[in-house]
Amino acid sequence: MIDEAFGASCATHATRSNFADLNGALENLWVREGSEGEPLPRDLRNQGRVGFVDISSGQQSGRAIDRHPQTVAAITAWAKANGYDAAIWTALASNFYEPEKANAPFSVENAMQYLETRNATTLQAALTYIRQAPPEIQTPVREAVNKRWPEG
């Protein structure tokens with residue numbers, strides 16, 4: 001999740017795609033990040049879930065620019081500096097504030113309160129999801145979760 005308003009910077013990972021073209025890579029990430037059986041959108045470059053920058057054409061994901069413009073600029077600079085033709089990423093918008101979620105602005109305190117009010121099954125699923133991130137991905141929420149619910 002990229003949240004320029006309330007999130008925290010952290011390390012991330014990059015890998016070269018096995019796809020020779022940007023559209024193939026976009027489709028692969030769309031499918032991997034979506035729900036099973038979900039149909040592909042007609043225009044993968046403007047659907048919103050997958051952000052991209054195409055260095056050779058200068059094209060960028062409009063939805064990603066709307067959601068996190070500083071991040072798009074940083075990824076563009078990183079891709080250029082490292083000799084990539086393009087870069088793609090999961091570009092979801094935060095839904096933390098929605099009524100069926102936490103119904104509050106994102107903060108570490110609100111995230112912890114949200115987790116503390118989940119039933120045991122939902123809490124365990126959330127903790128598993130948080131802990132599945134690579135160990136070098138350290139965020140303030142992950143730190144608070146590990147203090148509140150130590151593994152072991």
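Worth saying up front: this structure is predicted, and the values here are computed from it rather than measured. (Residues numbered from 1 in each chain as written. Predicted model: local features only at pLDDT ≥ 70, side-chain atom pairs only at ≥ 80, totals over all residues. Heavy atoms only, no water.)

Some thoughts on the packing of aromatic side chains
All told, the structure shown has three aromatic pairs when counted by the stated rule. An angle of 80° between the planes, with centres 5.2 Å apart, marks the rings of phenylalanine 96 and phenylalanine 106 as edge-to-face. Taken together, the residues phenylalanine 96 in the loop between β3 (86-90) and α4 (108-116) and phenylalanine 106 in the loop between β3 and α4 connect sequence positions ten residues apart. Since its relative accessible area comes to 24%, phenylalanine 106 is described here as partly exposed. Taking 6.0 Å as the distance between ring centres and 65° as the angle between the ring planes, the aromatic pair formed by phenylalanine 96 and tyrosine 114 counts as edge-to-face. In this pair, phenylalanine 96 sits in the loop between β3 and α4 while tyrosine 114 sits in helix α4, placing the two residues 18 residues apart along the sequence. Overall, the relative accessible area of 23% leaves tyrosine 114 in the partly exposed class. One Lys or Arg, arginine 45, reaches over the ring of phenylalanine 52 and ends 5.4 Å from the middle of that ring. In this structure, arginine 118 is placed above the aromatic ring of tyrosine 114, and the distance from its NZ or CZ to the ring centre is 4.0 Å. (Phe/Tyr/Trp six-rings, centres within 6.5 Å; stacked < 30°, edge-to-face > 60°. Helix = DSSP H or I, 4+ residues; strand = E, 2+ residues; numbered from the N terminus. Buried < 20%, exposed > 50% of the residue type's maximum accessible area, 1.4 Å probe, protein only. Lys NZ or Arg CZ within 6 Å of the ring centre and 35° of its normal.)

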